[in-house]
Amino acid sequence: MKVSLFITCLCDTITPDVGKDTIQLLERFGCEVDFPAAQTCCGQPAYNSGYKKEASKGMKQMIQAFENSDYVVGPSGSCVQMIKEYPSVLKEEPGWRERAEMLASKTYELTQFLVDVLKVEDVKSTFKGTATYHPSCHMTRLLGVSDAPRKLLENVEGLTLIDLPEKEDCCGFGGTFAVKNAAISGQMVQEKADHIASTKADYLIGGDMGCLMNMGGCMRRNNQEATVLHIAQVLNSQ
Amino acid sequence: MSIRIGDKPYADRIKDGIGNDFMRKAVSSAQGRFRTGRLKAAEELGDWEDWRTLGEEIRHHTMENLDYYLHQLSEQVEKRGGTVFFAQDASEANAYIQEVARKKQAKKVVKSKSMVTEEIGLNKALEESGCEVVESDLGEWILQLDEDPPSHIVTPALHKNKAQIRETFANKKGYTQTDDPFELAAFAREQLREDFLNADIGITGCNFAVAESGTATLVTNEGNARMVSTLPDTQITVMGMERIVPTWEELEVLVSLLTRAAVGQKLTSYITSLTGTRLDNEVDGPEDFHLVIVDNGRSKIIGTEFQSALHCIRCAACINACPVYRHVGGHSYGSIYPGPIGAVLTPLLDGYEDHKELPYASTLCAACTEACPVKIPLHEHLIRHREIIVEQEHMTTKSEEILMKGFAKWASTPAAYQLSTKMARTALSPWTKGGHIEKGPGPLKGWTAERDFPAPAKKSFRKWYQERQKRRED
């Protein structure tokens, strides 16, 4: 099966290990993974700030970059959800809507792809320690992916999952919200960091780098000891 | 009072909200109770998603045919001895009600809870024309004594605790007992009883008006709306023009959704349905009944992409689910309609000028959309508001515009994007310490005021990938 990796701008620049783990994980299950170099950012920072015109320029670039791909898989529920919305964003642009629909229909979030397309629920990985999982809002509520990461993590050898209190609450990231409404965002992420601390888990696991960067940044400032990991890093651990 | 509350700027309101520890504790614990209650009640009912779909369909159908149902409602009310007045805006509604009060030579008016009368500033208008106005919903009464605006659309005094309420009662009404809620409630009951008996006019809101029979339905827990609507000879019911259901069948569905979504109850203590004036064979009810149907900006929402905002049944489930509301409280929104629905409705009803920050007071986490019992896509409406603020109202800053234009160029030009992944680490190196940025420049400033920012990696993913491909080819 041929798969194109949609790296997301954050993983590309800040956490390249997540991309490496994603590729290796997919290859372990027989996928032939390529990386279309013309890909950029999904456009969400501009789109969610009300700059639809500006966002759509990058969206068209993404559509072109993945035009020849069979499947597009990304390690982020939020960025994948943005791609799913391309058809509605570009609905009034002649020709682009259909191309957007093509891309949206073949794009998957990593855990969703593993469970729904590759039909894998046990990736045969080993990871020792206790962890708590934060289900990101866009991945769960908008993309509708909530069972896949849970199933995959439950099957990781050596991993003990501790339920995160009030897990469905947003961590306060919200893209530009974290900068525009920094004070509110700071209160939200502090509450989340307190909940994480209350689990006494060794690791915080999540499926979206934006949320993880937000929670991790707060936990670092608080001198919290838990290590922050993307789910791809855990699933690719042997 | 009108939609807008207070005149502090947004940033100051947020600062006040975040700094109010007591309010935040109260809101957080109330949200916890309401959320658990809502989820439990939804589960008990079963097929919650089907109920939501039905609720959405009913509201959609009603809005699509609003002219028909409003006409039917007004005909039915008049057939049963009532008078209907369509008010285009707040001043028309207030002037009509003032005129009714003047004709009755009314000195005292008792009210049950009504958000639309807050919206039009009715109390102030009546007081200006010489009437004493008494709120009889316990929460509203407390706020009236304290001259404080509501911070929540269902539980308006959510931001106050029993000690503060005791103090208000002591200062304003000579209360001498403890802050035990039963004693406080008993005192309020005793005080209000007098007002019910002396009032010349009773004013109620309206949860749903049933078009087929001309009936105003009130959903309450305190029973005060029954006193308001049965004791005074004159009753005025004020409703937003969208608060209508075609028949009793739809009423049942929407009341089922409302009480569960609002407070997790199967049914509130009182569901009161009032039809017309007192007939010869009846022992109670008003001799004179007026239904005031308020537009105040609603009709201009019909036919726009925001039409579903009018589907709102004022249950506050979105407010109770909202993590932003939890940290800033209702007053921070600067509108009598706070939370996600407030951030959607307020700019529609009162313009963007005074409320342009509200659509951004959300992480777009969609907890609101998920909680809404009639499936209003609240977070999508917030994005649409942002688009209007940017593209039509031009209310954003120049620096943000430049940044976003740069973003468009960056995201649509692979070469520029690739260069940035190479340069990011070096560009941020002056601010980087130990792999992190604790005090960042420009747009990073807000971020690092609250938390650390990770430095870009030494080698970007795409660089690693290129090298890997090269190794494989060699």
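Residues numbered from 1 in each chain as written. Chains lettered and ligands numbered in written order. Predicted model: local features only at pLDDT ≥ 70, side-chain atom pairs only at ≥ 80, totals over all residues. Heavy atoms only, no water.

### Side note on the packing of aromatic side chains
Geometry of an aromatic ring pair is reported as the spacing of the ring centres plus the angle between the planes. The line we're drawing: For Phe, Tyr and Trp, rings pair up if their centres lie within 6.5 Å, where Trp contributes its six-membered ring, and each pair is then called stacked (planes under 30 degrees apart), edge-to-face (over 60) or tilted (otherwise). Using a 1.4 Å probe on the protein chains alone, a residue whose accessible area is under 20% of its type maximum counts as buried, one over 50% counts as exposed, and one in between counts as partly exposed. Note on criteria: charge over ring means Lys NZ or Arg CZ within 6 Å of the ring centre, with the direction from the centre no more than 35 degrees off the ring normal.
The final tally for this structure, using the stated rule, is 20 aromatic pairs over all chains. Centre to centre, the rings of W410 of chain B and Y417 of chain B are 5.0 Å apart; their planes meet at 45°, and the pair counts as tilted. Owing to a relative accessible area of 23%, W410 of chain B belongs among the partly exposed residues under this scheme. The structure contains a cluster of three or more aromatic residues connected by ring pairs, namely F35 of chain A together with F461, W464 and Y465 of chain B. Sitting over the ring of Y360 of chain B, K180 of chain A keeps its end group 4.3 Å from the ring centre. For R451 of chain B, the ring lying beneath its charged end belongs to W447 of chain B, and the centroid distance is 4.4 Å.

### With respect to a negative patch on the surface
Residues and elements named next belong to chain B. Here is the rule we go by: Patch rule: a residue counts if its relative accessible area is over 30% and it has no salt bridge; like charges are joined within 9 Å, and nonpolar side chains (Val, Leu, Ile, Met, Phe, Trp, Tyr) within 5 Å. Per-residue and other accessible areas follow the Shrake-Rupley method at a 1.4 Å probe size, with only the shown protein chains counted as cover for residues. We count a salt bridge whenever a side-chain nitrogen from Lys or Arg sits within 4 Å of a carboxyl oxygen from Asp or Glu. Residues scored as positive are Lys and Arg, those scored as negative are Asp and Glu, and His as well as the terminal groups of each chain are ignored. Throughout, a charge is located at the NZ atom of Lys, the CZ atom of Arg, the CG atom of Asp or the CD atom of Glu. Only DSSP runs of H or I reaching four residues or more are called helices, and only runs of E reaching two or more are called strands; each is numbered from the N terminus.
A cluster of acidic residues, D350, E353, D354 and E393, forms a negative patch at the surface. With respect to the secondary-structure elements, E393 resides in the loop between α17 (378-391) and α18 (398-412). Taking the relative accessible area as the measure of exposure, E393 reaches 34% and is therefore partly exposed.

### A short note on the interface of chain B and chain A
Note the cut-off: Any pair of residues with heavy atoms lying within 4.5 Å of one another is described as a contacting pair. Take the accessible area each of two parts loses on contact, using a 1.4 Å probe, and add the two losses: that sum is the buried area. In protein, a polar contact requires one atom able to donate a hydrogen and another able to accept it; more generally it is a pair of N or O atoms within 3.5 Å, and residues adjacent in sequence count only if both atoms are side-chain atoms. When residue character is reported, Ala, Val, Leu, Ile, Met, Phe, Trp, Tyr, Cys and Pro are called nonpolar, Asp, Glu, Lys and Arg charged, and the others, Gly included, polar.
On the chain A side, the residues contacting the 65 residues of chain B number 65 residues. Summed over both sides, the interface between chain B and chain A buries roughly 5600 Å², with carbon and sulfur atoms accounting for 60% of that surface. At the junction of chain B with chain A, the criterion picks out twelve salt bridges. Inspection of the region where chain B meets chain A yields 34 residue pairs in polar contact (both at pLDDT 80 or more). Residue contributions to the side of chain B that touches chain A peak at nine residues, all from α18 of chain B. The residue makeup of the side of chain B that touches chain A, split by class, is 33 nonpolar, 13 polar and 19 charged.

### Considering the sheet that holds strand β9 (residues 270-275) of chain B
Residue and element names in this part refer to chain B. Threshold: Should DSSP find at least two bridges between two strands, the strands are regarded as paired. The convention used is that axes are lines fitted to C-alpha atoms, helices contributing only their stretch in contact, and that angles between N-to-C directions extend from 0 to 180 degrees.
Spatially, β8-β5-β6-β9 is the arrangement adopted by the four strands of the open sheet, whose pairing is mixed. The two strands at the open ends of the sheet, each matched to only one other strand, are β8 (244-245) and β9. Summarising the sheet, strand β5 (residues 208-210) and strand β6 (residues 215-220) pair through three bridges and their orientation is antiparallel. Bridged to F208 within β6 is T217. Contacting β5, β6, β8 and β9, helix α12 (residues 248-263) crosses the sheet at an angle of about 165° to β5.

### Points about empty space enclosed by the protein
Think of a ball as big as a water molecule: rolled over the atoms, this probe shows where empty space is left. All names here are of chain B. Quick note on the threshold: Grid points spaced at 1 Å over the protein atoms alone were grouped into cavities, where a 1.4 Å probe fits but cannot get out, and pockets, open sets with protein on both sides within 12 Å along at least five of seven lines, with lining residues defined by an atom within 4 Å of a point. Grid points are joined across faces, edges and corners, and a volume is the space filled by probe spheres set on the points.
For the structure on display, the rule yields five cavities of 30 Å³ or more. Here the largest cavity defines a volume of roughly 80 Å³. In this structure, the largest cavity is lined by 13 residues; those nearest its centre are C312, C315, C318, C372 and P373. Taken together, the residues of the lining of the largest cavity break down into twelve nonpolar, no polar and one charged. Reported here for the second largest cavity is a volume of approximately 50 Å³. The wall of the second largest cavity is formed by C322, P323, V324, P340, S362, T363, L364, C365, A366 and C368. A class-by-class count of the residues in the lining of the second largest cavity yields eight nonpolar, two polar and no charged.

### Overview of the pattern of salt bridges
By the definition in use, this model includes 42 salt bridges over all chains. A salt bridge links D169 of chain A to R326 of chain B; the shortest N-O distance between them is 2.4 Å. Taken together, the residues span two chains, with D169 of chain A in the loop between β6 (157-161) and α11 (177-180) and R326 of chain B in helix α14 (residues 323-328). Across the pair, R326 of chain B and D169 of chain A agree in class, each one buried. Of the charged contacts in the structure, one is a salt bridge between K398 of chain B and E401 of chain B, with a shortest N-O distance of 3.4 Å. Of this pair, K398 of chain B and E401 of chain B both sit in helix α18, three residues apart, which is roughly one turn of the helix. Among the charged side chains, a salt-bridge network with shared partners connects D169 and E191 of chain A together with R35 and R326 of chain B.

Everything listed here is a matter of coordinates, which is why it stays silent on function.
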